[in-house]
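# Architecture at a glance
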Amino acid sequence: MYRFYVDKDAVAGEDITLAGEDYNHIRNVLRMRAGEEITVCDGAGTDYLCQLSEFSKDCVRAKVLSQSGSRTELPVRLVLFQGMPKKDKLEFIIQKAVELGVSRVVPVMTRRTVVKLEEGGKEEKKRARFQAIARAAAMQSMRGIIPEVSSAMRFADAIKAAGELDAVVIPYERAEGIADTRAVLSGLVADGVRSVGIFIGPEGGFAEEEVALAVDAGAKCITLGHRILRTETAGLAVLALLMFAFER
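We now turn to the structure provided with this report. (Residues numbered from 1 in each chain as written. Predicted model: local features only at pLDDT ≥ 70, side-chain atom pairs only at ≥ 80, totals over all residues. Heavy atoms only, no water.)

Let us look at the nonpolar core. Residues Leu78, Leu80, Ile94, Leu188, Ile198, Leu239 and Leu242 are the most contacted members of the largest nonpolar core, which totals 38 residues. For this core, the elements supplying multiple residues, two or more each, are strand S7 (77–83), helix H2 (89–100), strand S8 (104–109), helix H3 (120–140), strand S11 (167–171), helix H5 (178–190), strand S12 (195–200) and helix H7 (231–246). Setting aside residues no more than four positions away along its own chain, Leu78 makes contact with Gly101, Val102, Ser103, Arg104, Val196, Ile198, Leu239 and Leu242. Among the nonpolar cores identified, the runner-up in size contains 18 residues, and Met153, Phe155, Tyr172 and Ala219 belong to it. (Core = buried A, V, L, I, M, F, W, Y, C linked by side-chain atoms within 4.5 Å. Buried < 20%, exposed > 50% of the residue type's maximum accessible area, 1.4 Å probe, protein only. Helix = DSSP H or I, 4+ residues; strand = E, 2+ residues; numbered from the N terminus. Contact = heavy atoms within 4.5 Å.)

See the structure below:
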């Protein structure tokens, strides 16, 4: 069944109005007609089974038949603090992280980050593009929310923001063996944590003092095995492990 996303204010009682690109897609691309059913998500975890009821010049109205909590969301909020990579790697990371269940992606400027922040206007345009990628990935994977892509943060600010989460992990090549990592990850599930932050370094990895700062703030160092993973692979590997561990 086709799935569409709307803002919560588009839901008015038993009616939902779809306009803009969604209206064009329903009418001119899918060529749907009144009486056909679609799923509409409010981007905040609620799905609505709807029946198209009325087409007008610039919008289509749908009648809500039933509503339920989204079944595609994990019972834990995963926040990826991604060291800012070079070129278009962040776009790939955002897309795949959303597919794997991330709730928020925070680009992080670290000591070894090569990319420099641009002036406010250009940086905001980039963030808007990243958010559009997150939205498209959420639609493709039938997510119940549209994960947020935040503005870039300095490492110290990211550590402070992560302090609001129940747990934080940071893959590091000098971490203890894989048995300790298994214990850390299984402990998150056993403890019933509701939010987990994942810190991933840029191409050059984290500086030792950054790892020390994270650990002092309560982060757990983990290893991803004997292989050295690229920055665009490491975060996805951790998200896949957590998705599998927490999936209901």
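Closest axis-to-axis distance for the H5/H7 pair is 10 Å, and the angle between their directions is 40°. When the axes of H5 and H7 are compared, the pair comes out oblique. For the pair H5 and H7, the sense of crossing is right-handed. Together, Leu185, Leu188 and Val189 of H5 and Leu241, Leu242, Ala245 and Phe246 of H7 make up the contact between the two elements. (Axes fitted to C-alpha atoms, helices over the stretch in contact; angles between N-to-C directions. Parallel < 35°, antiparallel > 145°, perpendicular 65-115°, else oblique. Left-handed = near helix turned anticlockwise from the far one by under 90°.)

Here the focus is the packing of aromatic side chains. Scanning all chains against the criterion turns up three aromatic pairs. Ring geometry for Phe81 versus Phe199: centroids 4.5 Å apart, planes at 5°, classification stacked. Here the residue Phe81 occupies a position in strand S7, and Phe199 occupies one in strand S12, the gap between them amounting to 118 residues. Both residues of the pair, Phe81 and Phe199, belong to the buried class. By way of ring pairs, the aromatic residues Phe81, Phe155, Phe199 and Phe206 are connected into one cluster. (Phe/Tyr/Trp six-rings, centres within 6.5 Å; stacked < 30°, edge-to-face > 60°.)

Here the focus is the sheet that holds strand S5 (residues 46–55). Strand order across the open sheet formed by six strands is S1-S4-S5-S6-S3-S2, with mixed pairing between neighbours. Of all strands in the sheet, those bounded by a partner on one side alone are strand S1 (3–5) and strand S2 (11–12). Two strands pair when backbone bridges link them, and S5 and strand S6 (residues 59–69) are joined in this way by nine bridges, in the antiparallel orientation. Residue pairing in the sheet places Leu49 in a bridge with Ser66 of S6. (Pairing = 2+ DSSP bridges.)

Glancing now at the state of the cysteines. Across all of its chains, the model carries zero disulfides by this definition. Here Cys59 is not cross-linked by a disulfide; its sulfur's nearest cysteine counterpart is in Cys50, at 14 Å. Judged by its relative accessible area of 9%, Cys59 falls in the buried class. (Disulfide = S-S within 2.5 Å.)

Here the focus is the packing of H2 against H7. Direction vectors running N to C along H2 and H7 enclose 5°, while the axes themselves pass 10 Å from each other. Between H2 and H7, the interaxial angle falls into the category roughly parallel. Contacts from Lys89, Phe92, Ile93, Lys96, Ala97 and Leu100 of H2 reach H7 at Thr231, Glu232, Leu236, Leu239, Ala240 and Met243. Split into classes, the residues belonging to the contact of H2 with H7 amount to eight nonpolar, one polar and three charged. (Nonpolar A, V, L, I, M, F, W, Y, C, P; charged D, E, K, R; others polar.)

Quick look at H7 now. Here H7 is 16 residues long and its end C-alpha atoms lie 23 Å apart, about the 22 Å a rise of 1.5 Å per residue gives. Within the span of H7, buried status applies to Thr231, Glu232, Ala234, Gly235, Leu236, Val238, Leu239, Leu242 and Phe246. On the buried face of H7, the contacting elements are S7, H2, S11, H5, S12 and strand S13 (220–222). (Expected span 1.5 Å × (residues − 1).)

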